[in-house]
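Notes for the structure review
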Amino acid sequence: MECDAIRSLLIEKQEGTLSPEDGRTLDRHLATCDRCKEDLALIGISFEALRGARDQEPPTHYFANLLPRIRERIENEPKEFSVLFLPAWAQRILAPGSALAVLGSLVALYVLLTPSFDPSRSGLEQIVADVPREDIDRVTEEVTYTGVLTRTMEPSQRMLETMSNPSAVSQQFDRELVADQLEHGHSLTIFLAGDIPFEDIAEEDVDPVIMKLDKTSL
Amino acid sequence: MDPRSDLELIQEFKNGNNKAFNLLVLRYQEKLYWVVRRLLPDHDEADDVVQDVFVKVYRSLGSFKGDSSFYTWLYRIAVNLSLNEIRRKKTRRTFSLDDGVTQHESTDPLPVEKLEQEEQTRLIKAAIEKLPDKQKKVFVLRYYEELPYEEISKILKTSVGGLKANYFHAVKKIGEFVKNGM
């Protein structure tokens with residue numbers, strides 16, 4: 001069995017939840033794999049240390065006082081008009097109409113304020129289009145992809161986005177962090193990658209993956 | 001303990017019973033505090049975020065549809081607001097020897113076991129702090145909250161395979177950190 005498939009068994013062994021059958025599989029693998037043996041030892045050290053640590057309790061009476069403090073904040077913050085203040089019959093009448101009006105306004109605003117909007121383009125293409133071209137170092141793309149990998153010039157701030165559903169990209173892409181990076185003068189590299197199972201890429205593997213993309217995707 | 005379910009309380013809140021919200025806060029405040037507290041370095045920051053979460057919940061509860069369970073929704077808000085707070089304060093923290101452990105007013109020497117426990121606590125706290133955001137939130141929900149991967153998957157909207165990989169790397173990194181004593 002491959003080391004990748006053994007990982008969760010290593011955790012289960014240290015948690016004491018490993019089934020006898022998986023236990024035999026793991027023992028066979030460990031007999032021939034020093035790397036997984038080292039990983040198992042590290043996981044053991046980790047759990048032992050975690051068991052030995054203790055939580056720092058919050059101040060006395062913290063939980064008793066929390067609700068009044070939350071209520072105070074709610075009362076003191078400016079109240080927004082809400083249909084919740086209306087009787088239930090009025091809410092039922094207003095709700096569908098309001099929802100339609102809001103939806104229509106949002107669509108109109110989006111189309112008006114997004115000159116590059118093109119419904120035929122994918123979520124990933126929309127994202128690339130949203131980032132000013134001069135801020136993008138380069139874009140690597142393939143026709144089919146399973147994820148998007150972004151990296152700024154600052155190695156410690158690189159990001160790995162894991163997503164199996166390309167249509168969800170626009171929701172999950174961390175626009176706020178990207179915007180912040182660009183504001184601080186970092187250029188951005190966006191890799192749209194094909195056939196790479198991002199979910200199993202650890203952060204420390206990002207650089208090898210980027211090298212692989214550089215060589216294979218252009 | 002109030003016998004009414006979360007959904008019943010939410011419905012009462014929607015019907016204008018403001019006290020139903022209080023009961024939800026009391027029901028979840030402690031669990032929520034510990035999730036946030038383990039993601040953030042100190043109590044004061046955690047306190048701010050916990051309040052933010054419940055204020056946000058109060059403002060949004062009227063539109064809660066019940067597509068996911070209330071606590072899944074609550075945890076998602078808590079994790080997101082905690083990570084926003086971490087990003088907002090980008091300055092990295094360094095841990096002093098007494099950071100994160102109880103201050104002792106007495107000058108008497110501490111028992112050896114207690115000192116060891118405090119050192120262990122300091123190391124674990126620093127190790128978790130150093131984890132990448134994704135691994136940090138998966139680790140907290142899995143190890144401390146003991147949530148099944150399927151539940152975490154709903155909260156973080158990530159596949160179970162990805163969560164398992166993140167959890168493995170988080171636990172391993174904590175082990176490396178503790179082993180090196182730094």
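This next bit is on the overall build of chain A. When its secondary structure is counted, chain A shows nine helices and four strands. Order of helices (α) and strands (β) in chain A, N terminus to C terminus: α-α-α-α-α-α-β-β-β-α-α-β-α. For chain A, with 218 residues in total, the buried portion stands at 17%. Counting contacts in chain A only where the partners sit at least 6 residues apart, residues at least 24 apart contribute 66% of the total.

Ranked by size, the top nonpolar core spans 57 residues in total, and within it B:L32, B:V36, B:V50, B:A78, B:Y167 and B:I174 carry the most contacts. Excluding its chain neighbours within four sequence positions, the residues that come into contact with B:V36 are B:A46, B:V49, B:V50, B:A78 and B:S82.

Counting from both sides, the interface comprises 40 residues of chain B and, opposite them, 32 residues of chain A. Elements supplying a minimum of two residues to the side of chain B that touches chain A: α2 (19–39), α3 (43–60), α5 (112–130) and α8 (160–180) of chain B. Looking at the side of chain B that touches chain A element by element, the count peaks at 14 residues for α8(B). Residue classes in the side of chain B that touches chain A are distributed as 17 nonpolar, 17 polar and six charged.

All names here are of chain B. One can describe the packing of helix α1 (residues 6–14) onto α2 by two numbers: an axis separation of 7 Å at closest approach and a directional angle of 145 degrees. Helix-helix and strand crossings are classified by hand; for α1 and α2 the assignment is left-handed. Judged by residue contacts, D6, L9, E12 and F13 of α1 engage A20, F21, L23 and L24 from α2. Of the residues that constitute the contact of α1 with α2, the class distribution is six nonpolar, no polar and two charged.

This paragraph deals with the confidence of the model for chain A. Residues and elements named next belong to chain A. When pLDDT is averaged across chain A, the result is 65; 43% of the residues are at 70 or more. Considering each helix and strand of chain A separately, the mean pLDDT is smallest for helix α7 (residues 169–172), with a value of 37, and largest for helix α2 (residues 20–30), with 92. Low pLDDT (under 50) marks residues 137–147, which in the prediction has 37 contacts with non-local residues, meaning those over four places away or in another chain.

Criteria and thresholds
Residues numbered from 1 in each chain as written. Chains lettered and ligands numbered in written order. Predicted model: local features only at pLDDT ≥ 70, side-chain atom pairs only at ≥ 80, totals over all residues. Helix = DSSP H or I, 4+ residues; strand = E, 2+ residues; numbered from the N terminus. Buried ≥ 20, exposed ≤ 12 C-beta atoms within 10 Å, placed from the backbone. Contact = placed C-beta atoms within 7 Å. Core = buried A, V, L, I, M, F, W, Y, C linked by C-beta atoms within 7 Å. Nonpolar A, V, L, I, M, F, W, Y, C, P; charged D, E, K, R; others polar. Axes fitted to C-alpha atoms, helices over the stretch in contact; angles between N-to-C directions. Left-handed = near helix turned anticlockwise from the far one by under 90°. pLDDT = per-residue confidence, 0-100.

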